[in-house]
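Read off the chains here:
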Amino acid sequence: MSIQTVNQFLISLKNAQKAGQKMTHVPYTAMTHDIAQSLKREGYIKSIEKKGKRVRKSLMIELQSPDAGAKTIENVRFFSTPGRKQYAQCDAIRPSRYGGAVILSTSKGIMSGREAKKARSGGLLIAEIW
């Protein structure tokens, strides 16, 4: 897993949301696909579609529209960086300060903080989205 790839993915989602775009294309990796699935479960993304073959794979992501009263990506805070990885046990996972979602990489896959606490699983803290 490359932390830089994940960070670029989340920033591109935030920038697309701020620019008012309804759809955005991002390069496909298994990690970005799993994070997008987690964000979809949390209500930040409407739909995810994988496009292309082999090297040219990409994800076409439909973002929630802010006028519908749905959750939108306002900002992202990164916990882990390429030089410093932060881990948290199940009991140490706190909810987002801003009412958003915390994304973790656990032994059971990519999960939000709420899902990880329910599954009693800790792991690598990736980012906080609100």
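Please refer to the structure higher up on the page.
Please read these numbers as outputs of a predicted model, since none were measured by experiment.

Cut-offs used in this document
Residues numbered from 1 in each chain as written. Predicted model: local features only at pLDDT ≥ 70, side-chain atom pairs only at ≥ 80, totals over all residues. Heavy atoms only, no water. Core = buried A, V, L, I, M, F, W, Y, C linked by side-chain atoms within 4.5 Å. Buried < 20%, exposed > 50% of the residue type's maximum accessible area, 1.4 Å probe, protein only. Helix = DSSP H or I, 4+ residues; strand = E, 2+ residues; numbered from the N terminus. Contact = heavy atoms within 4.5 Å. Pairing = 2+ DSSP bridges. Salt bridge = Lys/Arg side-chain N within 4 Å of Asp/Glu carboxyl O. Polar contact = N/O pair within 3.5 Å; in protein donor to acceptor, adjacent residues only side chain to side chain. Axes fitted to C-alpha atoms, helices over the stretch in contact; angles between N-to-C directions.

Take the nonpolar core next. Phe9, Leu10, Leu13, Ile35, Leu39, Ile61 and Ile129 are the most contacted members of the largest nonpolar core, which has 24 residues in total. Among the secondary structure elements, those contributing two or more residues to this core are α1 (3-18), α2 (30-42), β2 (45-51), β3 (58-63), β6 (101-106) and β8 (123-129). Sequence-distant contacts of Leu13, that is, excluding residues within four places in its chain, are made with Thr24, Leu39, Ile45, Ile61, Leu63 and Ile73. Membership of the second largest hydrophobic core comes to eight residues, among which are Ile93, Val102, Met111 and Leu125.

Before going further, it helps to spend a moment on unusual backbone geometry. Located in the positive-phi region is Arg54, a residue other than glycine, with phi close to 50 degrees. The residue Arg120 is not glycine, and still its phi comes out positive at about 55 degrees. Here Arg120 is to be found in the loop between α3 (113-119) and β8.

Burial along strand β1 (residues 23-27) is one-sided: the residues Thr24 and Val26 are buried and none of Met23, His25 and Pro27 is. The pairing of β1 with β3 spans five bridges and is antiparallel. What sits directly across from Thr24, in β3, is Ile61.

A few words on the pattern of salt bridges. Any two side chains of opposite charge can pair, on the condition that their charged atoms come close. Inspection of every chain in the model, using the stated rule, returns seven salt bridges. Two residues, Glu42 and Arg114, come together in a salt bridge whose shortest N-O distance is 2.5 Å. You can see Glu42 sitting in helix α2 and its partner Arg114 sitting in helix α3, a full 72 residues away along the chain. Since its relative accessible area comes to 48%, Arg114 is described here as partly exposed.

This part takes up the side chain of Ser80. Within the secondary structure, Ser80 sits in the loop between β4 (76-78) and β5 (87-88). Within the local environment of Ser80, its side chain forms a polar contact with the backbone oxygen of Leu125, the two atoms lying 2.5 Å apart. Beyond its immediate chain neighbours, meaning those up to four positions away, Ser80 contacts Ile3, Asn7, Lys85, Gln86, Leu124, Leu125 and Ile126.

Across the sheet, three strands lie side by side as β1-β3-β2; this open sheet has antiparallel pairing. Only two strands of the sheet have a single neighbouring strand rather than two, namely β1 and β2. Within the sheet, the average angular offset between the axes of one strand and its neighbour, ignoring direction, is 25 degrees. Together, β1, β2 and β3 form the strand contacts of α1, whose direction differs from that of β3 by roughly 40 degrees. Along the sheet, α2 makes contact with β1, β2 and β3, crossing β2 at roughly 155 degrees.

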